[in-house]
Amino acid sequence: MLGVLPQSPSAPEGLTVADLVARGRYPHQAWYRQWSPADEEAVAEALGWTGMTELAGRGLDELPGGQRQRAWISMALAQGTDVLLLDEPTTHLDLAHQVEVLDLVRRLHAEAGRTVVMVLHDLNLAARYAHRLVAMRGGRIVASGPPADVLTVQLLRDVFELDAVVTTDPVAGGPLVVPVGRACRR
């Protein structure tokens, strides 16, 4: 019912991309129903979505960070759920690979109708890619809504103890956070 990708997933050494993605089909297996053509199709479709078809036979541990993350997203897609929960899907990736992964997530929502819930700590990437933000502090929701409504100077001070300027992103048109420094506690 729910595809989940943890922040720092791990896989056994020597696992290929195809083997990893196939593990996404395990919830659909039973002692009386093993691997089927539908499973094969789901794996192929997931690899296609992430551009990983050509790398299916490669070892997961041989891949650079961006490709490895796309392989893990493929596994979550192969589960065939309408909802994906992604915990920091851009962790340990350089900016170009972060944008690549988030563009993929955007496509999954726009073209495949997947609902995607992500944890992102980069506020500018969150503002650019999310339709709705939820800001939390101490395990409690402090604000929720469209990025322009949530990312305010006061919220940044209250939640992150950060003095910042919030301006308009010249590319996406949403809010852009420019940190000034650590806010003084009053």
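Residues numbered from 1 in each chain as written. Predicted model: local features only at pLDDT ≥ 70, side-chain atom pairs only at ≥ 80, totals over all residues. Heavy atoms only, no water.

This part covers the sheet that holds strand E2 (residues 83–87). Strand order across the open sheet formed by 3 strands is E1-E2-E3, with parallel pairing between neighbours. Pairing within the sheet leaves two strands with one partner each, and these edge strands are strand E1 (2–5) and strand E3 (115–119). Put simply, the sheet's adjacent strands are angled 15 degrees from each other on average, direction ignored. Both E2 and E3 contribute to a ladder of 5 bridges, which runs parallel. Residue pairing for E3: Leu 86 is matched across the bridge by Met 118. (Pairing = 2+ DSSP bridges. Helix = DSSP H or I, 4+ residues; strand = E, 2+ residues; numbered from the N terminus. Axes fitted to C-alpha atoms, helices over the stretch in contact; angles between N-to-C directions.)

With that out of the way, let us pick up the environment of Met 136. Positionally, Met 136 belongs in strand E4 (residues 133–137). Accessibility expressed as a relative area gives 46% for Met 136, which makes it partly exposed. When the C-alpha positions of Met 136 and Ile 73 are compared, they lie 25 Å apart, and in sequence the two are 63 residues distant. (Buried < 20%, exposed > 50% of the residue type's maximum accessible area, 1.4 Å probe, protein only.)

With that out of the way, let us pick up the pattern of salt bridges. All chains considered together, the criterion is met by 8 salt bridges. Linked by salt bridges that have partners in common, Arg 137, Glu 161 and Arg 182 make up one network. (Salt bridge = Lys/Arg side-chain N within 4 Å of Asp/Glu carboxyl O.)

Following both chains from N to C, one finds helix H3 (residues 65–78) and helix H4 (residues 95–112) inclined at 20 degrees, their axes separated by 9 Å at the closest point. The angle between H3 and H4 places the two elements in the roughly parallel class. Here H3 runs over H4; the crossing is right-handed. In this structure, H3 uses Gly 66, Gln 69, Arg 70, Ile 73 and Leu 77 to contact H4, whose residues at the interface are His 97, Glu 100, Val 101, Leu 104 and Leu 108. (Parallel < 35°, antiparallel > 145°, perpendicular 65-115°, else oblique. Left-handed = near helix turned anticlockwise from the far one by under 90°. Contact = heavy atoms within 4.5 Å.)

Per-residue confidence for the chain gives a mean pLDDT of 91; residues scoring 70 or more make up 99%. Mean pLDDT values over the elements of the chain span from 89, in E1, up to 97, in helix H6 (residues 147–150). (pLDDT = per-residue confidence, 0-100.)

This paragraph deals with the side chain of Thr 50. Mapping Thr 50 onto the fold places it in helix H2 (residues 37–50). Given the relative accessible area of 5%, Thr 50 is considered buried. From its side chain, Thr 50 meets the backbone oxygen of Leu 47 in a polar contact 3.3 Å long. With sequence-adjacent residues up to four places away left out, Thr 50 is seen in contact with Arg 70, Ile 73, Ser 74, Leu 77 and Leu 104. (Polar contact = N/O pair within 3.5 Å; in protein donor to acceptor, adjacent residues only side chain to side chain.)

Moving on, we get to the environment of Arg 106. With respect to the helices and strands, Arg 106 occurs in helix H4. Taking the C-alpha atoms as reference points, Arg 106 and Ala 130, 24 residues apart in sequence, are found 8.6 Å from one another. Beyond its immediate stretch of four places on either side in the chain, Arg 106 contacts Arg 128 and Tyr 129. Only 3.1 Å separates the side chain of Arg 106 from the backbone oxygen of Arg 128, close enough to count as a polar contact.

This part is about a nonpolar patch on the surface. A cluster of nonpolar side chains, namely Met 1, Leu 2, Val 4, Leu 85 and Val 117, defines an oily patch on the protein surface of about 500 Å² accessible area. Locating Met 1 in the fold gives a position in the segment before E1. (Patch = residues over 30% accessible without salt bridge, like charges linked within 9 Å, V, L, I, M, F, W, Y side chains within 5 Å. Areas by Shrake-Rupley, 256 points an atom, 1.4 Å probe, with all protein chains shown as cover.)

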